[in-house]
Amino acid sequence: MSRDDRAPVSNAPSGAQPADMTPAPRPAATPDRTLHMIGNAHLDPVWLWPWQEGYQEARATFASALDRMDEYPDFIFTCDQIVLLSWVEEQDPELFARIAERVEEGRWVNVGGWWVEPDCNMPMGESFARQGLYGQRYLQSRFGRIASVGMNVDPFGHSASLPQILRGHRMDSYCFLRPGPHEGDLDETLFHWESADGSRVLAYRIPFEYCSPPGDVAGQTEKSLGQLDRSLGEMMVFYGVGNHGGGPTKANIDSIHRYDRMGTFGRMTMSSPRAYFDEMLARGDAFLGGLTTRRDDLQHHAPGCYSAHSGIKAWQRRAQHAVLSAERWAAVEVAMGAETYPRDDLERAWKQVLFNQFHDILPGSAIEPSYDDARDQLGEAIAISKRIITAAHNRIARRIDIPMDEATQPVVVFNPHPWPVAVDVDMQYGAQPHGVRVVDHTGAPVLSQATQSTATTGDRSRGAVTFRADVPALGYALYRLLPGPALPARSSLAVSDDGTVIENEHLRLELDPATGDLVSLLDKSTGIDPLQGTRGSARTAICDDPTDTWGHRVISYAWPGAAMTLDRIVVRERGPLRSRVRVERSWGGSTLVEEYLLAHDASAVRVDVALDWREKAHLLKLRFPVGLDDPRATYEIPYGTIERPVDGAEEPAQSWVDLTGELDGRPAGLTVVCTSKHGWDVSPAGDAHDDAPSIGITAVRSPVYSWHDPRLLDPDGVYSFQDQGVQRFGLELIPHGGDWRRAQPTRRAAVLGAPVRAQQESFHTGDLAPQHSFVDDGDGQVMVTAVKGSEDAPESGPADLILRAVETHGREGSARIAIPVAGRTLEADFRPHQVRTFRVPLDPQEEIVEVDLLEWPLDGGPV
């Protein structure tokens, strides 16, 4: 029986079945369309309630959905967010067994395939890869089938790289709600969505809402039809009580049956997103070829969420870097002969990270107590990772051949990145009252200087040294501390007495002595100063922020504001290796400290920022004006980049934004890297803040927790405001001659966010050289983002390695990746921003095989 000819169900009492099943035709005037009614129960595991409440509600909601199935033989339930299934399996195995039966029957349809519905802009690309890795593998292990439809109904925006990620998770279609028709330039209900690499999914914007009131669905259906492209003939309408769970009610289902029989809205059928997309795909190339193809992200809704609650953003970045590093060192250990890979520990750490990327936790929109839970859960992930890293480093260090030299203290520096780094390492030491100097493993002097210890005691034998370490890719290097101060060394570093000018052979930066503003950043190799002509333009802007926690209906935060007052400029370090100048400012009850660090050979300046924020319902923008004509803005997004208009709009970004244009007729630009801030703007000249184009970072907002307009705040009410207190983050400012790619900002951001680790070591014999690389991606346009053990544990022997890389320049390219830890070399071509994953057997007789993001073969099923 075709869907069009399906017999309407009578308006019997709730749960009852009609006595007469004889088909009765709908009225001839029934609109000629089919509405696929999607019964679902969106459940925010955390929002205006803690996760413990979401844990219980998952069980209650799923029990209700199963009861509706018992009562209505045609009812179909659509479920996403795999963490909810895992919770029910954990607390109620009998209920979970009932779910498995309905999955087998085809009436419980799992979609989404991700651990949670995360924020879809801020997590790293590797986090998105893990959302599906753990979500889809869970579905396969419990039900024997994965989700084929992606679904993120509630997140506030969607990165342009998601189609490639969805395809890598074996999903060919996508359902979402936001941005709504009033919030962006997207008019279509159904369209092709394509990533820069050419990956494509069929996408559907849910009309009106993903959930409904508990009663009659007429209002839900009418408002949905008001937003749908009715020319499609077949459309999805979502219904069911949601947000705090609940799901479809008897009244919902009875009204669908009633309106279907009456023909009020057309044919109404209980359905699933998979059934709908299959109908659309079955129409063939003529229909599909007529659909619009979108090659852009899906923004904007609630842009204030990219700067709300700075803490959760910083904790997330730390945790993501930590778990990725732990994976790499654990994989190296397995390749070096370790018997086990800490798969269970890493999975537990990753699931804490993924859970706290949920779209009401990471965006800062949950209630205040939920952030105590988030801090603890992400702390667990970091602690697990640190234990894995520390154990791996010590086992590797124990194998390094370090001959006895009682006059020295060995130090091993470990680089977690699959490319070589040259960085300044801060090292604390003891038992050396006259200071230390540093040599490499050959005994050659290493540039170093004494710095301030983190300890403030009367023990003069304790101190600190900063030295330059050149460390191989995903590897280590041995150094030694010798007693006595560093030997004199020639250096191009110079700092003016008042600290307003710092320079080396590559850069010269100048601070305004009256304001503390950075007013010049001259690249000596090109003669280009992208800040030319911007003296007097705002660098800090504090203003009232009357918007709610989400920043609903905000287009831009590039508002006029007050500049912070300079308190003092202090030269903190002046040495052959690096210089450090401290700029202190204040406004109201808040203080901002920026420490400018310039290394002797650096082509970029680092800024360590400490902000003590004491303002309520205010925001602070840090601005970086440039003297460029015809500027173009590029933002880093997960696994890629995107160009956006220079219009002052508040936009999400990963770790860097670039502004490139012309300066006196020559190409020039400035890239700003930041470790844990995600709300940015690029504003044109003549905008509200000053007369120069500029990059802006929303450093802090302090709205009331979980305040959602149109609720008005009581002037006499007592509220808790976000982001009160001290926070720290890092910046890098990189001037360039017109091509941000040469500055490698994605790699710079990774090193800034995940520094090398140095540890003191003892003397011993060993089978390892004093320096070594385990994986090296060549430091080019193709960057290795993951080195890990395979999720498929072999019956015997060590697990294979999984290696993933992404093209970072937005251009076709090739890579030659050395994997000396496995005795292998990998050569591969990449499309623009393409992500490719490979299984690397440790047995040299076995071939390297490309796999998808689930670590399964590209042309087959699970292994």
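Quantities reported herein were computed from a predicted structural model and do not represent experimental measurements.

### Some points on the sheet that holds strand β34 (residues 694–701)
Remark on secondary structure: sheet strands pair via backbone hydrogen bonds, oriented parallel or antiparallel.
Point 1. With antiparallel pairing, 5 strands are arranged side by side in an open sheet as β22-β27-β34-β33-β30. Each having just a single partner strand, β22 (540–544) and β30 (651–652) make up the two edges of the open sheet.
Point 2. With 5 bridges joining them, β22 and strand β27 (residues 618–625) adopt antiparallel strand pairing. Of the residues in β27, the one forming a bridge with Thr540 is Leu622.

### Side note on the pairing of strand β20 (residues 507–511)
Point 1. Across the 5 residues that make up β20, a large majority, 4, are buried.
Point 2. Taken together, the 3 bridges between strand β19 (residues 501–503) and β20 define a ladder with antiparallel strand orientation. If you follow Val501 over to β20, its bridge partner there is Glu510.
Point 3. Count of turn residues in the β19/β20 antiparallel hairpin: 3 residues.
Point 4. Pairing geometry for β20 and strand β21 (residues 518–523), over 5 bridges, is antiparallel. Looking at β21, one finds that Glu510 is bridged to Ser520.
Point 5. Once β20 ends, the chain turns through 6 residues before running back antiparallel as β21, passing Gly516 with a positive phi of about 80 degrees.

### Re the environment of Glu573
Point 1. Looking at where Glu573 falls in the secondary structure, it is placed in strand β23 (residues 565–574).
Point 2. Taking the C-alpha atoms as reference points, Glu573 and His552, 21 residues apart in sequence, are found 44 Å from one another.
Point 3. For Glu573, the contacting residues outside a window of four places in its chain are Gln449, Thr451, Arg578, Ser579 and Arg580.
Point 4. Reaching out from Glu573, the side chain makes a polar contact with the side chain of Gln449 at a distance of 3.2 Å.
Point 5. There is a polar contact of 2.8 Å between the side chain of Glu573 and the side chain of Arg578.

### Section: the nonpolar core
Point 1. Within the largest apolar cluster, 163 residues are counted, with the highest numbers of intra-cluster contacts made by Phe62, Leu85, Trp108, Leu190, Ile819 and Val821.
Point 2. Examining the composition of this core, we find that 12 residues originate from one element, helix α10 (residues 310–335), more than from any other.
Point 3. Look past the residues within four positions of Phe62 in its chain and what remains in contact with it is Phe77, Cys79, Leu84, Leu85, Val88, Leu95, Ile99 and Trp108.

### A closer look at the sheet that holds strand β25 (residues 590–599)
Point 1. With antiparallel pairing, 9 strands are arranged side by side in an open sheet as β23-β24-β25-β26-β35-β32-β31-β28-β29. Every other strand in the sheet has two partners, leaving β23 and β29 (640–644) as the edge strands with one partner each. The mean inter-strand angle of the sheet, taken between neighbouring strand axes irrespective of direction, is 20 degrees.
Point 2. In this sheet, strand β35 (residues 725–736) lies alongside strand β26 (residues 605–613) in antiparallel orientation, the contact comprising 9 bridges. Paired with Asp612 across the strands is Val726, a residue of β35.

### Section: the packing of helix α3 (residues 93–105) against helix α4 (residues 125–143)
Each pair of packed helices can be summarised by the angle the axes make with each other and by the distance between the axes.
Point 1. At a minimum axis separation of 11 Å, α3 and α4 run at an interaxial angle of 90 degrees. For the element pair α3 / α4, the angle class is roughly perpendicular. Contacts between α3 and α4 involve Phe96, Ile99, Ala100 and Val103 from the former and Tyr138, Arg142 and Phe143 from the latter.
Point 2. By residue class, the composition of the contact of α3 with α4 is 6 nonpolar, no polar and 1 charged.

### Observations regarding the packing of α4 against helix α11 (residues 343–355)
Point 1. As a packed pair, α4 and α11 sit with axes 10 Å apart at the nearest point and diverge in direction by 110 degrees. Between α4 and α11, the angle falls in the class roughly perpendicular. Two packed elements cross with a definite hand, and for α4 against α11 that hand is left-handed. Across the interface between the two elements, Glu126, Ser127, Arg130, Gln131 and Tyr134 from α4 touch Leu346, Glu347, Trp350, Lys351, Val353 and Leu354 from α11.
Point 2. Here the residues of the contact of α4 with α11 sort into 5 nonpolar, 2 polar and 4 charged.

### Regarding helix α7 (residues 250–262)
Point 1. Here α7 contains 13 residues, and its C-alpha end-to-end distance of 18 Å stays within 8% of the 18 Å for a straight helix at 1.5 Å per residue.
Point 2. Buried residues belonging to α7 abut β1 (34–40), α1 (51–71), α6 (218–227), β8 (234–239) and β9 (267–270).
Point 3. Within two residues after α7, Gly263 carries a phi angle of roughly 75 degrees, on the positive side.

### Comments concerning the confidence of the model for the protein
Regions with low pLDDT should not have their predicted coordinates read in detail.
Point 1. With 96% of its residues at a pLDDT of 70 or more, the protein shows a mean pLDDT of 95.
Point 2. The model gives residues 1–23 a pLDDT under 50, and that stretch makes 37 contacts with residues more than four places away or in other chains.

### Side note on the pattern of salt bridges
Point 1. Across all of its chains, the model carries 66 salt bridges by this definition.
Point 2. When the shortest N-O distance is used, the salt bridge between Glu89 and Arg142 registers 3.2 Å. Here Glu89 is found in helix α2 (residues 82–91), whereas its partner Arg142 is found in helix α4, with 53 residues between them in sequence.
Point 3. The exposure class of Arg142 is partly exposed, given its relative accessible area of 37%.
Point 4. One salt bridge in this structure joins Asp777 and Arg747, with 3.0 Å as the shortest N-O distance. Of this pair, Asp777 sits in the loop between β37 (771–773) and β38 (782–789) while Arg747 sits in helix α13 (residues 745–753), placing them 30 residues apart in sequence. With respect to class, Asp777 is no different from Arg747; both count as buried.

Cut-offs and rules
- Residues numbered from 1 in each chain as written.
- Predicted model: local features only at pLDDT ≥ 70, side-chain atom pairs only at ≥ 80, totals over all residues.
- Heavy atoms only, no water.
- Pairing = 2+ DSSP bridges.
- Helix = DSSP H or I, 4+ residues; strand = E, 2+ residues; numbered from the N terminus.
- Buried < 20%, exposed > 50% of the residue type's maximum accessible area, 1.4 Å probe, protein only.
- Contact = heavy atoms within 4.5 Å.
- Polar contact = N/O pair within 3.5 Å; in protein donor to acceptor, adjacent residues only side chain to side chain.
- Core = buried A, V, L, I, M, F, W, Y, C linked by side-chain atoms within 4.5 Å.
- Axes fitted to C-alpha atoms, helices over the stretch in contact; angles between N-to-C directions.
- Parallel < 35°, antiparallel > 145°, perpendicular 65-115°, else oblique.
- Nonpolar A, V, L, I, M, F, W, Y, C, P; charged D, E, K, R; others polar.
- Left-handed = near helix turned anticlockwise from the far one by under 90°.
- Expected span 1.5 Å × (residues − 1).
- pLDDT = per-residue confidence, 0-100.
- Salt bridge = Lys/Arg side-chain N within 4 Å of Asp/Glu carboxyl O.

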